[in-house]
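Here is how the chains run, residue by residue.
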Amino acid sequence: MSGQIEILAISGSLRTHSSNTALLHAAAQLAPAGIAVSVYDGVGDLPLFNPDLEGQEPVSVLELRRQLRVSHCVIISSPEYAHGVTGAIKNLLDWVVGSGELVDKPVALLNASARATWSHAALTEILTVMNARLIPAASLTIPLINNAVTLEDILSNGDQVATLRLALSALSNAVCVPVTA
Ligand SMILES: Cc1cc2nc3c(=O)[nH]c(=O)nc-3n(C[C@H](O)[C@H](O)[C@H](O)COP(=O)(O)O)c2cc1C
């Protein structure tokens, strides 16, 4: 593949000071030449998924789908709520089950907490049934100390920077590898 690799980074947290969102902004800052990471900022604008709106989706949904279509791959980082996925990330994913923007799309599932095993497993299952191409080598756990971790904290942590760089490299490699390889 030639040209820049475009990655859309999606956080499953709506918190202004979300550690998951900070992790994705760190990935954006660490992206090497040839890789561009855009952090999607419309999760909170999506209405609750309703199949009745098929064919008359609101602009926020159409824009989400457009951003997914023009991205070569996706990074998702989401907190765990009550041993499940957050409503925000599930709602976003529900909006693209039928339209199919994630089909065959390489996806890295980052986990910002070593304790969040339930949501990680659930997201793995959801993305698998949606026929996304999960990239295990890029789906790494980067345990943040707590949910007050900032972008600056992450960028000054050598281990976290190294793991994020590894995830970006594995994800970009996946874009270059044919699906059938
Ligand atoms: C309602 C609620 C439920 C939570 N449930 C869990 C849980 O089941 N397991 C867990 O590891 N953390 C749980 N947490 C902690 C969050 O996952 C944690 O604070 C995370 O860092 C929040 O992500 P954010 O900083 O990106 O918003 C919960 C937090 C909230 C607010």
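In the block above lies the structure referred to throughout.
The paragraphs below set out a description of the structure included in this document. (Residues numbered from 1 in each chain as written. Predicted model: local features only at pLDDT ≥ 70, side-chain atom pairs only at ≥ 80, totals over all residues. Heavy atoms only, no water.)

**Points about the pairing of strand 6 (residues 106-110)**
1) Next: The buried fraction of strand 6 amounts to five of the five residues, a majority that puts the element mostly inside the structure.
2) Next: Burial of strand 6 is two-sided: the residues P106, A108 and L110 facing one way and the residues V107 and L109 facing the other way are all buried.
3) Next: Of the strand pairs in this sheet, strand 3 (residues 73-77) and strand 6 are connected by four bridges, and their pairing is parallel. In the strand pairing of strand 6, S77 is matched with L110.
4) Next: Pairing between strand 6 and strand 7 (residues 133-134): two bridges, direction parallel. Each residue of the ladder has a partner; that of V107, found in strand 7, is L134.
5) Next: Of the crossover connections in this fold, the one passing from strand 6 over helix 4 (residues 117-129) to the parallel strand 7 is right-handed. (Buried < 20%, exposed > 50% of the residue type's maximum accessible area, 1.4 Å probe, protein only. Helix = DSSP H or I, 4+ residues; strand = E, 2+ residues; numbered from the N terminus. Pairing = 2+ DSSP bridges. Right-handed = clockwise from strand over helix to strand, strands pointing away.)

**Here's the deal with the packing of aromatic side chains**
1) Next: This structure, assessed with the given rule, holds one aromatic pair.
2) Next: Considering the side-chain rings of F49 and W95, the 5.0 Å spacing of their centres and the 90 degrees angle between planes classify their relative orientation as edge-to-face. You can see F49 sitting in the loop between strand 2 (35-39) and helix 2 (59-69) and its partner W95 sitting in helix 3 (residues 87-97), a full 46 residues away along the chain.
3) Next: Residue classification places F49 among the partly exposed residues on the basis of a relative accessible area of 33%. (Phe/Tyr/Trp six-rings, centres within 6.5 Å; stacked < 30°, edge-to-face > 60°.)

**Details of the site of the ligand**
1) Next: Close contacts around the ligand come from S13, R15, S18, S19, N20, P79, E80, Y81, A82, H83, R115 and N147, and that covers them all.
2) Next: S13 places a side-chain nitrogen or oxygen 2.7 Å from an oxygen atom of the ligand.
3) Next: Protein contacts shield 66% of the accessible area of the ligand, which totals 640 Å² for the unbound molecule.
4) Next: Elements that contribute at least two residues to the shell around the ligand include exactly helix 1 (19-30) and strand 4 (80-81). (Near = heavy atom within 4 Å. Polar contact = N/O pair within 3.5 Å; in protein donor to acceptor, adjacent residues only side chain to side chain. Areas by Shrake-Rupley, 256 points an atom, 1.4 Å probe, with all protein chains shown as cover.)

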